[in-house]
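# Coordinates in review
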Amino acid sequence: MSIVCLEDSIIMKFVEDTNAFNKCVDEHFASLDANGDGFLSRSELENRSGRLGFPELELQSREEIAGGYDLIFERFDAERTGKIDREKFRSVMKELMLAKARGISTSPVLIVVQKDSLIFKAVQHAALPN
Ligand SMILES: [Ca+2]
């Protein structure tokens, strides 16, 4: 865990850098895809709850986390396959990151993040020279 100072532009710049963002999301996808079949099932996501990259999720109850996954699958699993592929996972993470950015607004906030979270990657990305 690490404490970082976060503002919306840090997340926006990371999401807009499609290559860097997709690379991190793909690594995240691979770490979640426990059986390596190229799809994330609901149980694979739930077994790793708290690792979607959002500190709020880590603090919420199991019911709330399950509700969040319901929404993710409802929104991104239109064919009701019970699985999310890499392409859809990129969309999920992009949407969640943009929602997070909107929640922060322009005032920097201090938050605690896991070192393998996308938020932490966004902060690292912002620190890189252009
Ligand atoms: Ca899988």
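Residues numbered from 1 in each chain as written. Predicted model: local features only at pLDDT ≥ 70, side-chain atom pairs only at ≥ 80, totals over all residues.

Looking at the protein chain, the pLDDT average stands at 82 and 85% of residues meet or exceed 70. Per-element averaging of pLDDT across the protein chain places helix α4 (residues 55-59) at the bottom with 47 and helix α1 (residues 8-16) at the top with 94. pLDDT under 50 marks residues 53-59. Its contacts with residues more than four places away, or in other chains, come to 13 contacts. (pLDDT = per-residue confidence, 0-100. Helix = DSSP H or I, 4+ residues; strand = E, 2+ residues; numbered from the N terminus. Contact = placed C-beta atoms within 7 Å.)

So, about the packing of α1 against helix α6 (residues 86-104). In contact at an axis separation of 8 Å, α1 and α6 are set at 160° when each is read in the N-to-C sense. Classed by the angle they form, the pair α1 and α6 counts as roughly antiparallel. Of the two elements, α1 crosses α6, and the hand of that crossing is left-handed. Facing α1, whose interface residues are D8, I11, M12 and V15, α6 presents K94, M97, L98, K100, A101 and I104. Residue composition of the contact of α1 with α6, grouped by class: seven nonpolar, no polar and three charged. (Axes fitted to C-alpha atoms, helices over the stretch in contact; angles between N-to-C directions. Parallel < 35°, antiparallel > 145°, perpendicular 65-115°, else oblique. Left-handed = near helix turned anticlockwise from the far one by under 90°. Nonpolar A, V, L, I, M, F, W, Y, C, P; charged D, E, K, R; others polar.)

This next bit is on helix α2 (residues 18-32). Along its 15 residues, α2 runs 21 Å from first to last C-alpha, staying within 8% of the 21 Å computed at 1.5 Å per residue. Inspection of α2 places F21, C24, V25, H28 and F29 among the buried residues, and these make up the whole buried set. Along the axis of α2, the buried positions cluster into a sector of 145°, meaning they face one direction only. For α2, exposure combined with an orientation more than 90 degrees from the buried face picks out N19, K23, A30 and S31. (Expected span 1.5 Å × (residues − 1). Buried ≥ 20, exposed ≤ 12 C-beta atoms within 10 Å, placed from the backbone. Arc of directions from axis to C-beta.)

So, on to the environment of S107. Note that S107 resides in the loop between α6 and β4 (109-113). By the C-beta count within 10 Å, which is 8 here, S107 ends up exposed. Linking S107 and E7, residues 100 residues apart in sequence, is a C-alpha distance of 6.1 Å.

Grouped together as the largest cluster of nonpolar side chains are 23 residues, with contacts concentrated most on I11 and F89. When contributions to this core are tallied by element, the ones reaching two or more residues are α1, α2, α5 (62-76), α6 and α7 (118-127). Per-element tally for this core: the top contributor is α6, with five residues. For I11, the residues in contact, after removing those within four places along its chain, are M97, K100, A101 and A122. (Core = buried A, V, L, I, M, F, W, Y, C linked by C-beta atoms within 7 Å.)

Along the chain, the position of Q124 falls in helix α7. For Q124 and I10, which are 114 residues apart along the polypeptide, the C-alpha to C-alpha distance reads 9.3 Å.

Time to look at the environment of R42. Mapped onto the elements, R42 comes out in helix α3 (residues 42-47). For the pair R42 and G82, spaced 40 residues apart in the sequence, the C-alpha separation amounts to 6.6 Å.

Two numbers describe how α2 lies on α6: the axes approach to 10 Å, and their chain directions differ by 115°. Comparing their axes, α6 and α2 come out roughly perpendicular. In this structure, α2 meets α6 at a crossing whose hand is right-handed. For the pair α2 and α6, the contacting residues are N22, V25, D26 and F29 in the first and R86, F89, R90 and M93 in the second. Taken together, the residues of the contact of α2 with α6 sort by class into four nonpolar, one polar and three charged.

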